[in-house]
Number of protein chains: 2
Amino acid sequence: METSFAIHKITLIGSGNVGTQLGMALYKSGHSISQVYSRTKKSADTLAKKLESKSITDLKLLDLNSDIYIIAIKDDVIADVVKQLRLKDKIVVHTSGSIPLQALSTASKNHGVFYPLQTISKSKVVDFRTIPICLEANTKKTFKLLQNLAKTISENVQEITSEQRQIIHLSAVFACNFSNHMYAIAASLLKKNHVPFAILKPLIAETASKIQFNDPQKMQTGPAVRGDYKTLKSQLKLLDGDKKLKLIYKLLSDDIIQYHQDS
Amino acid sequence: METSFAIHKITLIGSGNVGTQLGMALYKSGHSISQVYSRTKKSADTLAKKLESKSITDLKLLDLNSDIYIIAIKDDVIADVVKQLRLKDKIVVHTSGSIPLQALSTASKNHGVFYPLQTISKSKVVDFRTIPICLEANTKKTFKLLQNLAKTISENVQEITSEQRQIIHLSAVFACNFSNHMYAIAASLLKKNHVPFAILKPLIAETASKIQFNDPQKMQTGPAVRGDYKTLKSQLKLLDGDKKLKLIYKLLSDDIIQYHQDS
């Protein structure tokens with residue numbers, strides 16, 4: 001793996017989950033974070049302090065001499081921020097799974113996407129080295145620079161088109177957000193019945209570990225895939241008090257049954 | 001942890017996923033597996049060979065001199081098998097999450113439940129040491145014996161009532177089977193779009209790892225918990241060709257939104 005390491009001067013636009021963790025990873029890799037922008041002063045200050053950077057809450061105060069501007073804010077406010085950016089030929093990227101590359105075209109001649117495919121919380125430090133960084137850029141030169149930047153924090157850097165990225169993001173919602181919600185439902189069911197959630201932790205770890213080397217569909221277990229309708233019925237009965245949970249149970253069990261009939 | 005180790009003579013009724021892996025764990029811990037019963041000769045033979053045991057396909061040939069009889073068969077055939085058992089005071093247990101202890105009362109005076117809370121496939125060896133073994137028995141003496149047996153294969157042995165076990169099993173369906181189905185859906189979406197599933201593996205590992213030390217609800221990320229309706233809408237649009245998947249997406253996203261409004 002050939003990497004030409006260069007220290008970049010980076011401006012972070014956004015200090016949420018991704019902004020915080022990505023900023024910290026870049027800072028630890030030796031890059032200089034010149035400014036942190038957030039609408040919220042406290043949030044900008046907190047992150048700026050961690051990154052030995054300066055905080056701003058007004059985009060008019062943006063330092064125009066950074067090499068790279070990273071937009072790590074909620075998808076639905078990206079367009080508003082982009083409107084306010086005139087960065088000429090500076091590289092500007094966003095970190096979103098869903099927003100097309102094209103959305104940045106008015107902000108600078110050189111734009112790209114720098115999408116870390118991971119579930120990122122402010123409070124939990126993540127190891128970026130194994131995180132797939134999905135890159136896209138409007139020119140080869142910009143792509144090369146982003147690739148070198150990404151390689152300073154991750155060993156898993158990939159070129160991904162906007163169309164592929166949309167599907168990857170959608171898949172990630174199922175594999176991460178929805179499976180995490182299944183954990184949350186399980187935790188809530190146990191809590192109501194005074195059983196500690198800890199009892200499920202080895203099961204959750206093994207379920208996720210199994211698919212690292214096996215096709216998830218082939219690893220399926222439980223009453224639905226066994227066609228054990230008696231247990232399905234008795235579990236539905238246990239959910240009698242919760243109409244919505246019952247619907248989720250039924251829909252997912254039916255879908256498991258159908259998946260395995262089709263395969 | 002006080003453990004009085006005794007080598008037991010065990011008969012296995014069932015040679016499926018749980019029968020195979022539990023049988024192997026007990027065999028490796030030094031117990032003697034005297035017989036393996038399965039309706040399917042090939043299945044009984046395969047497991048019996050692994051366990052240096054004898055195979056039978058007819059319950060009439062059951063050796064009545066074992067210490068413990070472990071019923072590890074599908075829930076909906078347990079009642080049929082139990083009807084055929086007259087084991088006097090020998091200990092008989094089942095390994096099911098859903099079937100009450102009481103279901104074994106006609107088989108023997110001494111009965112119990114030996115429920116390993118894990119996702120178990122025939123082909124993947126599991127490390128039983130961390131698996132919670134949920135125990136229940138109709139007498140203190142039987143419980144004590146089962147506890148000692150369980151401790152020879154696991155460091156996580158717990159007393160769990162039939163009522164608690166039902167809820168634990170239901171929670172396990174959400175936390176394991178349904179989250180695994182989310183992985184299967186994600187894999188299928190990626191496959192259709194020619195993106196290797198491997199790109200999601202670090203995300204799945206981190207999602208499961210996060211909840212080992214944190215409340216899953218607090219660890220939630222993604223468009224639904226962010227209230228990012230624009231992304232929710234565009235992802236629903238991506239699912240336009242698949243009515244059922246769209247319904248699952250909508251239902252789970254709504255439920256995440258509601259969970260976080262209520263909390």
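1. Comments concerning the sheet that holds strand 2 (residues 32-37) of chain B
Pairing between the strands of a sheet comes from backbone hydrogen bonds, and it takes one of two forms, parallel or antiparallel.
All names here are of chain B.
At step 1: On the basis of which strands lie adjacent, the open sheet formed by eight strands has the order 3-2-1-4-5-6-7-8 and mixed pairing. Every interior strand has two partners, whereas the edge strands, strand 3 (54-56) and strand 8 (156-159), have only one. The sheet shows a mean angle of 25° between the axes of neighbouring strands, direction not considered.
At step 2: Lying on the sheet, helix 5 (residues 162-192) is in contact with strand 5 (91-94), strand 6 (110-116), strand 7 (132-137) and strand 8; it crosses strand 6 at an angle near 25°.

2. So, the packing of aromatic side chains
At step 1: A complete count under the given rule lists six aromatic pairs over all chains for this structure.
At step 2: Ring geometry for Phe174(A) and Phe178(A): centres 5.0 Å apart, planes at 80°, overall edge-to-face. Within this pair, Phe174(A) and its partner Phe178(A) are both found in helix 5 (residues 162-192), separated by four residues, close to a single helical turn. Summarising the burial analysis for this pair, Phe174(A) and Phe178(A) share the class buried.
At step 3: Here the aromatic cluster, defined as three or more aromatic residues joined through ring pairs, consists of Phe174(A), Phe178(A) and Tyr249(B).

3. What to know about the interface of chain B and chain A
At step 1: With 90 residues of chain B at the interface, the matching set in chain A holds 90 residues.
At step 2: Together, the buried faces of chain B and chain A total about 8,800 Å²; carbon and sulfur atoms form 67% of this surface.
At step 3: Joining chain B to chain A, the criterion identifies four salt bridges.
At step 4: Salt-bridge contacts for Lys124(A) lead to Glu206(B); the nearest nitrogen and oxygen are separated by 3.0 Å.
At step 5: Between the two partners, chain B and chain A, sit 29 residue pairs in polar contact (both at pLDDT 80 or more).

4. Topic: the pattern of salt bridges
At step 1: Applying the stated rule across the entire model yields 20 salt bridges over all chains.
At step 2: Note that Asp80(A) is salt-bridged to Lys83(A), the shortest N-O span being 3.7 Å. Taken together, the residues Asp80(A) and Lys83(A), both in helix 3 (residues 75-83) and three residues apart, mark about one turn of the helix.
At step 3: A salt bridge links Asp240(B) to Lys246(B); the shortest N-O distance between them is 2.3 Å.
At step 4: Looking at Asp240(B), the relative accessible area reads 44%, which means it is partly exposed.
At step 5: Its relative accessible area of 26% is what places Lys246(B) among the partly exposed residues.

5. Some remarks on the confidence of the model for chain A
At step 1: Per-chain confidence: chain A averages 95 in pLDDT, with 98% of residues scoring 70 or above.
At step 2: Per the prediction output, this complex has pTM 0.91; the corresponding ipTM is 0.92.

6. Focus: the packing of helix 6 (residues 201-210) of chain A against helix 5 of chain B
At step 1: Where helix 6 of chain A contacts helix 5 of chain B, the two axes come as close as 10 Å, and the packing angle between them is 15°. Between helix 6 of chain A and helix 5 of chain B, the crossing angle belongs to the class labelled roughly parallel. Relative to helix 5 of chain B, the crossing made by helix 6 of chain A is right-handed. Contacts between helix 6 of chain A and helix 5 of chain B involve Leu203(A), Ile204(A), Thr207(A) and Ala208(A) on the former and, on the latter, Ala172(B), Ala175(B), Cys176(B), Ser179(B), Asn180(B) and Tyr183(B).
At step 2: Residue composition of the contact of helix 6 of chain A with helix 5 of chain B, by class: seven nonpolar, three polar and no charged.

7. Quick notes on the relation of the copies chain B and chain A
At step 1: When chain B is fitted onto chain A, the two copies agree to an RMSD of 0.0 Å after a turn of 180° and an axial shift of 0.0 Å. Taken together, the rotation and translation relating the two chain copies correspond to the operation of a two-fold axis. Using C-alpha coordinates, one finds that chain B approaches the rotation axis most closely at Ser179(B), a distance of 2.2 Å.
At step 2: A shared interface surface links the copies, since 100% of the contact residues of chain B are contact residues in chain A too.

8. Observations regarding the pairing of strand 7 (residues 133-137) of chain A
For a regular strand, side-chain orientation follows a simple rule: the groups alternate between the two sheet faces.
Residue and element names in this part refer to chain A.
At step 1: Counting buried residues in strand 7 gives five out of five residues, a clear majority hidden from the surface.
At step 2: The alternating pattern of strand 7 places Ile-133, Leu-135 and Ala-137 and Cys-134 and Glu-136 on opposite faces, both of which are buried.
At step 3: For strand 6 (residues 110-116) and strand 7, the ladder comprises five bridges, and the chain directions are antiparallel. When the sheet's bridge partners are listed, Tyr-115 is paired in strand 7 with Cys-134.

9. Notes on the packing of helix 9 (residues 243-262) of chain A against helix 9 (residues 243-262) of chain B
When two helices pack together, their arrangement is given by the angle between their axes and by how far apart the axes lie.
At step 1: In the contact formed by helix 9 of chain A and helix 9 of chain B, the axes pass within 11 Å of each other and the chain directions differ by 145°. Crossing geometry of helix 9 of chain A relative to helix 9 of chain B is assigned as left-handed. Where helix 9 of chain A approaches helix 9 of chain B, its residues Lys244(A), Leu247(A), Ile248(A), Leu251(A), Leu252(A), Asp254(A), Asp255(A) and Gln258(A) are matched on the opposing element by Lys244(B), Leu247(B), Ile248(B), Leu251(B), Leu252(B), Asp254(B), Asp255(B) and Gln258(B).
At step 2: Taken together, the residues that form the contact of helix 9 of chain A with helix 9 of chain B break down as eight nonpolar, two polar and six charged.

10. With respect to the pairing of strand 7 of chain B
Residue and element names in this part refer to chain B.
At step 1: In terms of burial, strand 7 is a largely internal element, six of the six residues being buried.
At step 2: By the bridge criterion, five bridges tie strand 6 to strand 7 in an arrangement that is antiparallel. If you follow Tyr-115 over to strand 7, its bridge partner there is Cys-134.
At step 3: Handedness of the β-α-β unit built from strand 7, helix 4 (residues 140-151) and strand 8 comes out right-handed.

11. What to know about the side chain of Thr119(B)
At step 1: With respect to the helices and strands, the residue Thr119(B) is situated in the loop between strand 6 and strand 7.
At step 2: We classify Thr119(B) as buried; its relative accessible area is 3%.
At step 3: Within the structure, the side chain of Thr119(B) is placed 2.7 Å from the side chain of Lys210(A), a separation counted as a polar contact.
At step 4: For Thr119(B), the side chain forms a polar contact with the side chain of Thr221(A), separated by 3.0 Å.
At step 5: Setting aside its immediate chain neighbours within four residues, Thr119(B) contacts Leu203(A), Glu206(A), Thr207(A), Lys210(A), Met219(A), Thr221(A), Val126(B) and Cys176(B).

12. Some remarks on the sheet that holds strand 6 of chain A
All names here are of chain A.
At step 1: In spatial order, the strands read 3-2-1-4-5-6-7-8; together these eight strands make up an open sheet with mixed pairing. Since the sheet does not close on itself, it has two edges, and those belong to strand 3 (54-56) and strand 8 (157-159), each with one partner. The average undirected angle you get between the axes of adjacent strands in this sheet is 25°.
At step 2: Sheet topology places strand 1 (residues 9-13) next to strand 4 (residues 68-71); four bridges connect them, and they run parallel. Considered in strand 4, the bridge of Ile-13 is made with Ile-71.

Parameters at a glance
- Residues numbered from 1 in each chain as written.
- Chains lettered and ligands numbered in written order.
- Predicted model: local features only at pLDDT ≥ 70, side-chain atom pairs only at ≥ 80, totals over all residues.
- Heavy atoms only, no water.
- Pairing = 2+ DSSP bridges.
- Helix = DSSP H or I, 4+ residues; strand = E, 2+ residues; numbered from the N terminus.
- Axes fitted to C-alpha atoms, helices over the stretch in contact; angles between N-to-C directions.
- Contact = heavy atoms within 4.5 Å.
- Phe/Tyr/Trp six-rings, centres within 6.5 Å; stacked < 30°, edge-to-face > 60°.
- Buried < 20%, exposed > 50% of the residue type's maximum accessible area, 1.4 Å probe, protein only.
- Buried area = accessible area lost by both parts, 1.4 Å probe.
- Salt bridge = Lys/Arg side-chain N within 4 Å of Asp/Glu carboxyl O.
- Polar contact = N/O pair within 3.5 Å; in protein donor to acceptor, adjacent residues only side chain to side chain.
- pLDDT = per-residue confidence, 0-100.
- Parallel < 35°, antiparallel > 145°, perpendicular 65-115°, else oblique.
- Left-handed = near helix turned anticlockwise from the far one by under 90°.
- Nonpolar A, V, L, I, M, F, W, Y, C, P; charged D, E, K, R; others polar.
- Least-squares fit on C-alpha atoms with pLDDT ≥ 70 in both.
- Right-handed = clockwise from strand over helix to strand, strands pointing away.

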